[in-house]
Amino acid sequence: MGDANHNNNKLNDIQKGNEMVETSAELVERAVSEFESPLIGYAKTIVHDLDRARDVVQDTFIRLYQQDVSKVRDGLKSWLFTVCRNRALDVLRKEKRLVLVDDEILAAEDSGVAEPGQIAADHERVKLVKSYIARLPENQATVIILKFEKGYSYQEISDATGLTSGNVGFLIHTGMKRLRATLPDELK
Amino acid sequence: MKIDLNDPRITAFALGELKGNDAIEIARAVRTDTRVRAAVDEVRDTSCMLMETLGGNETHLLTSEQRDAVRGAGSSSVITDISSAKQSFWTNPAVAGIGVAAAVALTLYIVAGRSGSGSGPGGDDLPAKWDWAQVDMDSLMAPAVSDVPGDVGSTNGAKENAHAVSAAISDDTHSFRKEVKQRIDSMKEEQIESAASLPELEDSSKQRWQNITGDHPLNVPLASGAASWPWIVRSIEEQKKLPPQRAVRIEEMVNYFRYKKPTMISGGGLVADMEICRTPWNPTTVLLAVHVSADSASQSVNAPAILSINATRVQRVRLMGYAQPKNTPTNDRVGRPSHASRSHGNYVIYELEMRENEGSINNGAIATLSLGKGANTAQLPVGRISGWIHASSDLRFASTVSACGMLLNGSQTKGELDAKRLLSLVDIIEKQDLTALGGDRRGALKIIRQAAGLVDATSSN
């Protein structure tokens, strides 16, 4: 669901006079749920190191506590990415790595060439996970594939399948629960 | 309002799909209800796996301790950024400027008496974050001891340091491990080769056996150090050489990697799993794996994990790894007491030599693990021995890493283990556990292959 929907929901809440007051802790929790992975990916493109990227994002979320909730909640995404970028650059500056990024490392990261053994393992893994998804009821399997393979949002899945957004949420919730119960431990 | 765990909003929230009041309501529940928090984290982990596997996208999440640190920071009245939140280890009031006995008592208190996983030094609710950059090399590189906490150190000062460092590691294991790796990565080649910054160990190749004659309770180590694996990787990958023997610590090699969170038994603030399989390099022994971890639902660890071996079935036992620093008049380097980490479990492997006529389960469990104390003791017996091939992927992997350590330190108790046998174990794991091989384990198997090659080349010279 995009910003437009968010604004509509917010408008509805305000019109109904039942908008909840969000604390900074709740805002941070929501921010983590929505932006944790994209922020780490973004920070990694700057610092070229997963551990450092995670540290930067952790720091970004901790800084969010210091903000006035009413001022940042509407522009949350842009605030997070801006602070994350600045923190990542700070890290590089402190470590004097701005011009010292190892070309070999960059080349290795960018080449995206996997070893044959790894490719075979990845294929095997995809096959196995799909075999577990195929055991789910068809409508649950469909929405899970659309969500995680195609990367659709709930709203996009709703548009593609004709299901209501609420139904999509219910099917994904139930499907993931069933999937977790059947997946072998090493895949959970 | 209590949220039902079947509420689809939990999944929608974890996937970043929930907006408006619903999102605030679930966020509130995550902050106040550990069940909802666990459910949200569980969905995130599964969705991360699904996105990586099906979508082909590299998806990364914060580590669980980083997530806890973010949540913990919200409980503090004054928020600081990560760097300023770091506390100098040596300026901790529990350590600096007090007598030895008080220091030990206070630092132990930090481990045993802290409430909640997010609370930090000084009694506030900041996540513990120690400034490891200030800790000296000896303290960082010391191995953990396998005996009862308290029995370490040759001098009062050394004991004090060992306890204090151990307490800090228990609080902030992730940063400790990172610092150790960074220090090793930044060493010069000759430092890696000489390993002078590591204490000389008692002859780890002998790996002491203990006879089992009656009730034989063993104190299961709850932690291990972190220096060995990064050291071995540098020796093998960069220098194409076998690592110096004092850098080979089997328990640290095994615990460099993460294992499935234990769930079988809980007590005394700990949770644990146990498993037995045939030893793939010795037909007369079995491997007993104990994976023990701090219980996230508990406030503190208040009792040791005790393993009792059944003397009617087992003749001898040895703990794999945990060789101690040599005790010499000039050596003040000591091991570290083994305090359970808040965030990392400890995977321990014992090798048991079975009695010839032990065969029957009627003789009782092979071993029983006890957690907790008094009337609250929880017990986990284990009696069924599986073939190595049918053991869990965790035990197969951990035992192969241990086997690699035994070859590297020239163990005299390695049975039929040689480079060829080690490679065959790696082959099986790569074939059998394809789906369980994350990047870390895949990389480890590559190193083990290289190690086997070097051992083979050395022995044929």
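Structure: see above.
Residues numbered from 1 in each chain as written. Chains lettered and ligands numbered in written order. Predicted model: local features only at pLDDT ≥ 70, side-chain atom pairs only at ≥ 80, totals over all residues. Heavy atoms only, no water.

Student: What is the right way to read the overall build of chain A from this model?
Tutor: From N to C terminus, chain A includes 10 helices and zero strands. In chain A, the order of α-helices and β-strands from amino to carboxyl end is α-α-α-α-α-α-α-α-α-α. Element-wise, carbon and sulfur atoms account for 51% of the exposed surface of chain A, whose accessible area totals about 9900 Å². (Helix = DSSP H or I, 4+ residues; strand = E, 2+ residues; numbered from the N terminus. Areas by Shrake-Rupley, 256 points an atom, 1.4 Å probe, with all protein chains shown as cover.)

Student: What should I look at first to understand the packing of aromatic side chains in this one?
Tutor: The relation between two aromatic rings is expressed through the spacing of the ring centres and the mutual angle of the planes. Residues and elements named next belong to chain B. A full pass over the atoms with the stated rule returns seven aromatic pairs over all chains. Taken together, a centroid distance of 6.3 Å and an interplanar angle of 35° make the contact between Trp 229 and Tyr 256 tilted. Taken together, the residues Trp 229 in helix H11 (residues 228–238) and Tyr 256 in the loop between helix H12 (250–254) and strand E5 (265–267) connect sequence positions 27 residues apart. Judged by centre distance (5.1 Å) and plane angle (85°), the ring pair of Phe 257 and Phe 397 falls under edge-to-face. Within this pair, whereas Phe 257 is found in the loop between H12 and E5, its partner Phe 397 is found in helix H13 (residues 393–408), the two being separated by 140 residues in sequence. Taken individually, Phe 257 and Phe 397 each receive the classification buried, so the pair is uniform in this respect. In this structure an aromatic cluster arises from ring pairing among Trp 229, Tyr 256, Phe 257 and Phe 397. (Phe/Tyr/Trp six-rings, centres within 6.5 Å; stacked < 30°, edge-to-face > 60°. Buried < 20%, exposed > 50% of the residue type's maximum accessible area, 1.4 Å probe, protein only.)

Student: Looking at this structure, I do not really get the pairing of strand E11 (residues 367–371) of chain B. What am I missing?
Tutor: Remark: a regular strand shows side chains that alternate across the two faces of the sheet. All names here are of chain B. Counting buried residues along E11, four of its five residues qualify, which places the element largely inside the surrounding structure. Judged from the five bridges that link them, strand E8 (residues 305–309) and E11 form a sheet pairing that is antiparallel. When the sheet's bridge partners are listed, Ser 308 is paired in E11 with Thr 368. Across five bridges, the pairing between E11 and strand E12 (residues 378–382) is antiparallel. Counterpart to Ser 370 in the pairing with E12 is Gln 379. (Pairing = 2+ DSSP bridges.)

Student: Got a minute to help me understand the environment of Ser 47 of chain B in this structure?
Tutor: On the secondary structure map, Ser 47 of chain B appears in helix H3 (residues 34–55). For Ser 47 of chain B, a relative accessible area of 4% translates into the label buried. Discounting chain neighbours no more than four positions away, the residues touching Ser 47 of chain B are Phe 148 and Met 176 of chain A together with Leu 15 of chain B. At a separation of 3.0 Å, a polar atom in the side chain of Ser 47 of chain B contacts the main-chain carbonyl oxygen of Arg 44 of chain B. (Contact = heavy atoms within 4.5 Å. Polar contact = N/O pair within 3.5 Å; in protein donor to acceptor, adjacent residues only side chain to side chain.)

Student: Teacher, can you tell me more about helix H14 (residues 419–432) of chain B here?
Tutor: A turn of α-helix holds 3.6 residues, and therefore any two residues three or four places apart point the same way. Residues and elements named next belong to chain B. Compared with an ideal rise of 1.5 Å per residue, which puts 14 residues at 20 Å, H14 spans 20 Å between its outermost C-alpha atoms and is within 8% of the ideal. Those residues of H14 that fall on the buried side of the exposure criterion are Ala 419, Leu 422, Leu 425, Val 426 and Ile 429. With its buried residues spanning 120° around the axis, H14 presents them on a single face. Turned more than 90 degrees away from the buried face of H14 sit Lys 420 and Lys 431, all of them exposed. (Expected span 1.5 Å × (residues − 1). Arc of directions from axis to C-beta.)

Student: Just to check I follow, could you spell out the pairing of strand E10 (residues 346–354) of chain B for this structure?
Tutor: Residues and elements named next belong to chain B. The element E10 is extensively covered by neighbouring structure, given that nine of its nine residues are classed as buried. The alternating pattern of E10 places Asn 346, Val 348, Tyr 350, Leu 352 and Met 354 on one face and Tyr 347, Ile 349, Glu 351 and Glu 353 on the opposite face, and all of these are buried. Pairing analysis gives eight bridges linking strand E7 (residues 285–294) to E10, with the strands arranged antiparallel. Looking across to E10, one finds that Val 292 is bridged to Asn 346. Examined bridge by bridge, strand E9 (residues 314–319) and E10 share five bridges and lie antiparallel to one another. The residue of E10 that forms the bridge with Arg 318 is Glu 351.

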